[in-house]
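# Examining the three-dimensional arrangement
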Amino acid sequence: MTEIYNNEDNILQHPSRKRAREIDEHVPMDELEDILGENKSPEKAKNILHWFRSKDIRQEDNIALNAAYEKAQESDGILITAYLHSPEDLEWHGTSPARCAFMTESLRILQTQLQEKYIPLYFITADKRSDKTDSIVKFIKDNDISHVFANYEYEVDELRRDMSVAKRLQEEKVAFELFHDQTVVAPRSIAPASGKPHRVFTPYHKAWLVHVAENPDLLNLVGAPEGNDKAAADKHKKLFESKVPPVPDCQSFKSDEDKKRITGLWPPGNEAGMKRLDDFLENKVSSYRENRSRPDLDPSSRLSPYISSGVVSVRQLLAKAKEFNNGEENFDNGDSGVSSWVREIVFREFYRQMTVVLPHGAMNLPQNIKFDKVQWEEDEEGWKKWCEGKTGVPFVDAGMRQLASEGYMHNRLRMNVSSYLSANLLIDYRKGERFFVENLVDWDLSNNTNGWEPSYTVFNPVVQAEKCDPHGDYIRKWVPELRDVEGKAIFAPHDRLSKEEFEKLGYPAPHVDFSETKARAVERYKHDLHTAEDE
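Presented here is a report on the structure given in the accompanying data block. (Residues numbered from 1 in each chain as written. Predicted model: local features only at pLDDT ≥ 70, side-chain atom pairs only at ≥ 80, totals over all residues. Heavy atoms only, no water.)

With that settled, consider the overall build of the protein. Secondary structure assignment for the protein yields 26 helices and five strands. By the compact-globule yardstick of 24 Å for 535 residues, the protein fits well, its C-alpha radius of gyration being 24 Å. Projected onto the principal axes, the alpha-carbon positions of the protein cover approximately 80 × 55 × 50 Å. Here the protein holds 535 residues, and the buried ones make up 58% of them. In the protein, of all internal contacts separated by at least 6 residues, the share reaching a separation of at least 24 is 81%. (Helix = DSSP H or I, 4+ residues; strand = E, 2+ residues; numbered from the N terminus. Rg over C-alpha atoms; globule rule 2.2 N^0.38 Å. Buried < 20%, exposed > 50% of the residue type's maximum accessible area, 1.4 Å probe, protein only. Contact = heavy atoms within 4.5 Å.)

Among the secondary structure elements, asparagine 39 is positioned in the loop between α3 (28-37) and β1 (47-52). The exposure class of asparagine 39 is buried, given its relative accessible area of 15%. In the structure, asparagine 39 is positioned 250 residues away from arginine 289 in sequence and 47 Å away in space, judged by C-alpha atoms. Apart from residues no more than four positions distant in its own chain, asparagine 39 is found in contact with Ala166, Gln170, Val174, Ala175 and Phe176. Within polar-contact distance, the side chain of asparagine 39 engages the backbone nitrogen of phenylalanine 176 at 3.3 Å. (Polar contact = N/O pair within 3.5 Å; in protein donor to acceptor, adjacent residues only side chain to side chain.)

Evaluation of the coordinates by the stated rule reveals 44 salt bridges. We note a salt bridge from aspartate 278 to lysine 320, for which the minimum N-O separation is 3.1 Å. Taken together, the residues span a long stretch of sequence, with aspartate 278 in helix α12 (residues 270-283) and lysine 320 in helix α15 (residues 314-324) at a distance of 42 residues. We classify aspartate 278 as partly exposed; its relative accessible area is 35%. We classify lysine 320 as partly exposed; its relative accessible area is 25%. Residues joined in a network through salt bridges with shared partners are Arg53, Lys55, Glu153, Glu155, Arg161 and Asp162. (Salt bridge = Lys/Arg side-chain N within 4 Å of Asp/Glu carboxyl O.)

Once that is clear, we can look at the state of the cysteines. For the coordinates displayed, the defined rule picks out zero disulfides. The closest cysteine sulfur to the non-disulfide-bonded cysteine 250 is located on cysteine 100, 8.1 Å from its own sulfur. Residue classification places cysteine 250 among the partly exposed positions, given a relative accessible area of 42%. Cysteine cysteine 387 shares no disulfide, and the gap to the nearest cysteine sulfur, in cysteine 250, comes to 18 Å. (Disulfide = S-S within 2.5 Å.)

Another point: the side chain of threonine 104. Considering the arrangement of structural elements, one finds threonine 104 in helix α6 (residues 97-115). For threonine 104, a relative accessible area of 12% gives the class buried. Separated by 2.8 Å, the side chain of threonine 104 and the backbone oxygen of cysteine 100 make a polar contact.

What follows concerns helix α4 (residues 63-74). The terminal C-alpha atoms of α4, which comprises 12 residues, lie 17 Å apart, in line with the 16 Å expected from a rise of 1.5 Å per residue. Looking at the buried residues of α4, the elements they touch are β1, β2 (79-85), β4 (145-151) and β5 (175-179). Two or three places before alanine 64, at the start of α4, stands the capping residue asparagine 62, its side-chain oxygen 3.4 Å from that residue's backbone nitrogen. (Expected span 1.5 Å × (residues − 1).)

Okay, the side chain of arginine 476 next. The topology assignment puts arginine 476 in helix α23 (residues 473-478). Within the structure, arginine 476 has its side chain in polar contact with the backbone oxygen of valine 485 (distance 2.6 Å).

Right, let's talk about empty space enclosed by the protein for a bit. To find leftover empty space, one rolls a probe the size of a water molecule over the atoms. Under the definition given, this model contains five cavities of 30 Å³ or more. Empty space within the largest cavity amounts to approximately 50 Å³. Lining the largest cavity are Lys55, Arg58, Asp181, Gln182, Ile307, Gly310, Val312, Ser313, Val314 and Arg348. Across the lining of the largest cavity, the residue classes tally to three nonpolar, three polar and four charged. In this structure, the second largest cavity occupies an estimated 50 Å³ of space. What lines the second largest cavity is simply Ile57, Arg58, Gln59, Glu60, Ser106, Ile109, Leu110, Gln113, Gly269 and Asn270. Split into classes, the residues belonging to the lining of the second largest cavity amount to three nonpolar, five polar and two charged. (1 Å grid on protein atoms, 1.4 Å probe; cavity = no way out; pocket = protein on both sides within 12 Å on 5 of 7 lines; lining within 4 Å. Points joined across faces, edges and corners; volume = space filled by probe spheres on them. Nonpolar A, V, L, I, M, F, W, Y, C, P; charged D, E, K, R; others polar.)

In an α-helix, one turn spans 3.6 residues; hence positions three or four apart end up facing the same way. The first and last C-alpha atoms of helix α16 (residues 336-357) sit 31 Å apart over 22 residues, in line with the 32 Å expected at 1.5 Å per residue. Taking burial as the measure, the 22 residues of α16 include 19 buried ones, the bulk of the element. One side-chain oxygen of the residue at the start of α16 lies 2.8 Å from the amide nitrogen of glycine 337, identifying that residue as aspartate 335.

In this section: the sheet that holds β1. Here five strands make up an open sheet; going across it, the order is β3-β2-β1-β4-β5 and the pairing parallel. Each edge of the sheet is formed by a strand with only one pairing partner; in this case those strands are β3 (121-125) and β5. Pairs of neighbouring strands in the sheet enclose a mean axial angle of 25°, with direction left out of account. Sheet analysis places β2 next to β3, joined by five bridges and oriented parallel. Residue leucine 84 lies in a different strand from β3, and its bridge partner there is isoleucine 124. (Pairing = 2+ DSSP bridges. Axes fitted to C-alpha atoms, helices over the stretch in contact; angles between N-to-C directions.)

Turning next to the pairing of β4. Consecutive side chains along a regular strand alternate between the two faces of the sheet. Along β4, seven of the seven residues are buried, which leaves the element largely enclosed by surrounding structure. Where β1 and β4 come together, five bridges link them in parallel fashion. Pairing of leucine 49 across the sheet is with valine 148, part of β4. Bridge count for β4 against β5 is five bridges, and the pairing is parallel. The residue bridging histidine 147 from the neighbouring strand is alanine 175, located in β5. The parallel pair β4 and β5, bridged by helix α8 (residues 156-171), forms a crossover whose chirality is right-handed. (Right-handed = clockwise from strand over helix to strand, strands pointing away.)

Below you can see the structure in the form of structure tokens.
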């Protein structure tokens, strides 16, 4: 069942706005690249390490892994792979049981695949967050590693971790090389005439399509490693004895029933993800453009957990989409469903760019930093109702109940439930953002923070439901109290049924009035953001 997180100190903790601006002026990504640029490669290659991250859990089409394997072929050593397990990070970030289980089982599959090729996948455990650099450096020294390969992670904490590791490896005279693998187009690699990276999606999307069409090699896939020589691998037997770390108790499912239901929806591993992609392209993509906002039709690919954990690569997705489009290099010129779906993938790339260019967004602050001045309401009853899907607003409640049942929510509902919390309830959006972290199987920091960005846009959940769930089927599926309500009364039963009819349903009345609370939110935002401008 869905848990309500109550540690508000952790949810709301963030640096000052002054500090955030300082961080934006000295982008952590630039600092890391400067350090890496000073790194010198040793004259002789020994053992080679690929360091798996939580966003590239696969052997297929993994750029850094491929580079590590090619380097190992030139060396006198072997290819070693490792994964840094930090239980305190999982707790600190609030990683959901669904995501932990998905990642753990995908890592188990990956370890088996690599061991069959005499490539070890070793799990380095850092018991404390502060131990991460020491743990990875010790492993490198203990195993006579000369070169380390990994893929970039763009969040501030991860960039700082890599800065720390890079500095230590300089001292140890170990090469450290990072690759852009999360995206097809690396953050900041395309820009308008001004030279500054795009911060608005529409022009970024147009530029992305042109750039990829002009550089089709961006979609080229790299092969999985072929393997180590068995005799060489025998020298490192202890590395093959490493076990996949168990999920910490605080990140475990609350019941076997929850675990069985949710894990059954999300089979782990690259092969399962690619099968899901094939099914989507065969059965859903052609109608995706017209149906993508219809949660009642379940039009989505349901690939988001595979993408967020890097169990499948974005290049694998787009290569298949290009093939479906008969090789058309501009995705806007082929099937309209493919074009619409690719647009969502480009949104993901854009969000990573925003994480790099406005790093304070990864530090529990809104991109529009003035929204940090908003005086939020303390509505514990409203918060509890929102978490439990009992606000009295059917479309919102249906979305929250889907989240509790599946660890997943259709994107149209994500927009509606977040708008309802931050605008109609005027509850700090960061609480909702954290709640999503703790429950989504596909949580991704860049997507989540950008999706929860507060704004003046206030979704009307009744109008949204009438448009996106026109027959009320989605609501009836997830709100069984309303299953027998007929016609348009399903969208607002409190207002559209008689008092007697409504009371028989056993469904709550709306916690707040939509029109009144929308006006309150807009007025509050205007006042508090105006105050922020005066600072």
